[in-house]
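Understanding the architecture of this molecule
Chain by chain, the residues run as shown.
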Amino acid sequence: MKQYLDEYVTYLEEVKRLSRSTIESYRADLNGFIEYAADREVTHPQDVNRTVLGLYLGRLRQQGKAASSQLRCTASLRSFFQYLVRQSVIGQDPTQLLDRPKPERKPPQAVTIEQVDKLLSAPDSDTPQGARDRAMLELLYASGIKVSELVSLSIHDLNMEMRFLRCAVPGGKERILPISQIAAQSVAYYMRDMRSQLIRDAEEEALFLNSLGTRLTRQGFWKIIKKYGKLAEIDEEITPHTLRHSFAIHLLQNGADLRSVQEMLGHSALSTTGMYQSTKKSMKEVYDHYHPRS
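All figures in this text were calculated on a predicted structure; none of them were measured in a lab. (Residues numbered from 1 in each chain as written. Predicted model: local features only at pLDDT ≥ 70, side-chain atom pairs only at ≥ 80, totals over all residues. Heavy atoms only, no water.)

**Describing the environment of Pro 123**
- Of note, Pro 123 is situated in the loop between helix H5 (113–121) and helix H6 (128–143).
- On the accessibility criterion, Pro 123 (6% relative accessible area) is buried.
- Here the alpha-carbon distance between Pro 123 and Ala 135, two residues twelve residues apart in the chain, equals 9.4 Å.
- Setting aside chain neighbours within four positions, we find Pro 123 in contact with Gly 130, Asp 133, Arg 134, Leu 137 and Tyr 228. (Helix = DSSP H or I, 4+ residues; strand = E, 2+ residues; numbered from the N terminus. Buried < 20%, exposed > 50% of the residue type's maximum accessible area, 1.4 Å probe, protein only. Contact = heavy atoms within 4.5 Å.)

This is the structure:
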């Protein structure tokens, strides 16, 4: 099969024009399979079947290869044999019925409650921009909404007295979410005392405004949160998703039930929210803390 691999690599170079690193990844994946198949006296593509492919991928799992590596190798094999079908080297693609490895589901990145406190305290609330930034950070951590939902908020979407916000979702629906007293106070202060210093058009209804007096963008908020992550001297990368993840994880760590967190995050499936459970305290930590004789 080495001959066909060389022809395939030439095809990737001259026709597909893939990058050198991508081509080398394909070559490495396919070389590994070809050597494995040759040890089992399978030397022609026509002799490759689902069993041989499945055994090889099973071997990768036994070797502890990451799911991402398994996925890439499966993709390399599919592409190679589809090429051989198009070249009439083989009549049928043996990878058609291969099971696709499930991608790894890494626990979401989060920061500690102490780090969140430092981040939320970083803005200077005595300036219009600082008051706006503090309100945005507080609101993001208080509600777990996405950054796109945050910058889409209008002045009529929040009720400071009842402490809730209305968040629009695709399909014309909306979620009503509670917010903390601190977040409500931060937003109320910004709206009452500072927003008027940013606004230029009295008809503007966007809640959070940029220096031009128009709605702040997602990209604008990314820059803001990066800035305060540095000011708070947090070594971990801070993104809007960091606060969303931290919101969910801190609720679960403090005893919130998974279904309630699912509703607040707006997840359609409980399994999506379930990934946050892996970040809860370990069994031993819970036992040592709560068992009367630990």
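**Digging into the packing of H5 against helix H10 (residues 240–253)**
- Two elements in contact, H5 and H10, have axes separated by 11 Å at closest approach and are oriented at 135 degrees. When the axes of H5 and H10 are compared, the pair comes out oblique. When you trace H5 past H10, the crossing you get is left-handed. Residues Ile 113, Val 116 and Leu 119 of H5 form the contact with H10, whose own contacting residues are Leu 243, Ser 246 and His 250.
- Looking at side-chain class alone, the contact of H5 with H10 contains four nonpolar, two polar and no charged residues. (Axes fitted to C-alpha atoms, helices over the stretch in contact; angles between N-to-C directions. Parallel < 35°, antiparallel > 145°, perpendicular 65-115°, else oblique. Left-handed = near helix turned anticlockwise from the far one by under 90°. Nonpolar A, V, L, I, M, F, W, Y, C, P; charged D, E, K, R; others polar.)

**Some thoughts on helix H4 (residues 67–86)**
- Here H4 is 20 residues long and its end C-alpha atoms lie 29 Å apart, about the 28 Å a rise of 1.5 Å per residue gives.
- Taken together, the buried positions of H4 are Ala 67, Gln 70, Cys 73, Thr 74, Ser 76, Leu 77, Arg 78, Phe 80, Phe 81, Tyr 83 and Leu 84.
- Its buried side turned inward, H4 meets helix H1 (2–16), helix H2 (20–39) and helix H3 (50–62).
- Taken from the residues just after H4, Ser 88 is the one with a positive phi, measuring 60 degrees. (Expected span 1.5 Å × (residues − 1).)

**Examining helix H11 (residues 258–265)**
- Looking at H11, one finds that the buried residues are Leu 258, Val 261, Gln 262, Met 264 and Leu 265. Angularly, the buried residues of H11 cover 165 degrees about the axis, an arc narrow enough to put them on a single face.
- At the C-terminal side of H11, Gly 266 shows a positive phi close to 80 degrees. (Arc of directions from axis to C-beta.)

**Digging into the nonpolar core**
- Judged by nonpolar contacts, the single largest core of 47 residues is most densely connected at Leu 139, Leu 150, Leu 153, Leu 165, Tyr 190, Phe 208 and Phe 221.
- Put simply, the parts of the chain that give this core at least two residues each are H5, H6, helix H7 (147–151), strand S2 (164–169), helix H8 (181–194), helix H9 (218–231), H10 and H11.
- Per element, the largest residue contribution to this core is seven residues, and it comes from H6.
- In this structure, Leu 139 is in contact with Gly 144, Leu 150, Leu 153, Leu 158, Leu 165, Ile 179, Ala 183, Val 187 and Phe 208, ignoring residues within four places of it in sequence.
- Among the nonpolar cores identified, the runner-up in size contains 28 residues, and Tyr 8, Val 52, Leu 53 and Leu 77 belong to it. (Core = buried A, V, L, I, M, F, W, Y, C linked by side-chain atoms within 4.5 Å.)

**A closer look at the confidence of the model for the protein**
- With 86% of its residues at a pLDDT of 70 or more, the protein shows a mean pLDDT of 85.
- Low pLDDT (under 50) marks residues 278–284, which in the prediction has eight contacts with non-local residues, meaning those over four places away or in another chain.
- The low-confidence segment residues 290–294 (pLDDT under 50) makes three contacts with residues lying over four places distant or belonging to another chain. (pLDDT = per-residue confidence, 0-100.)

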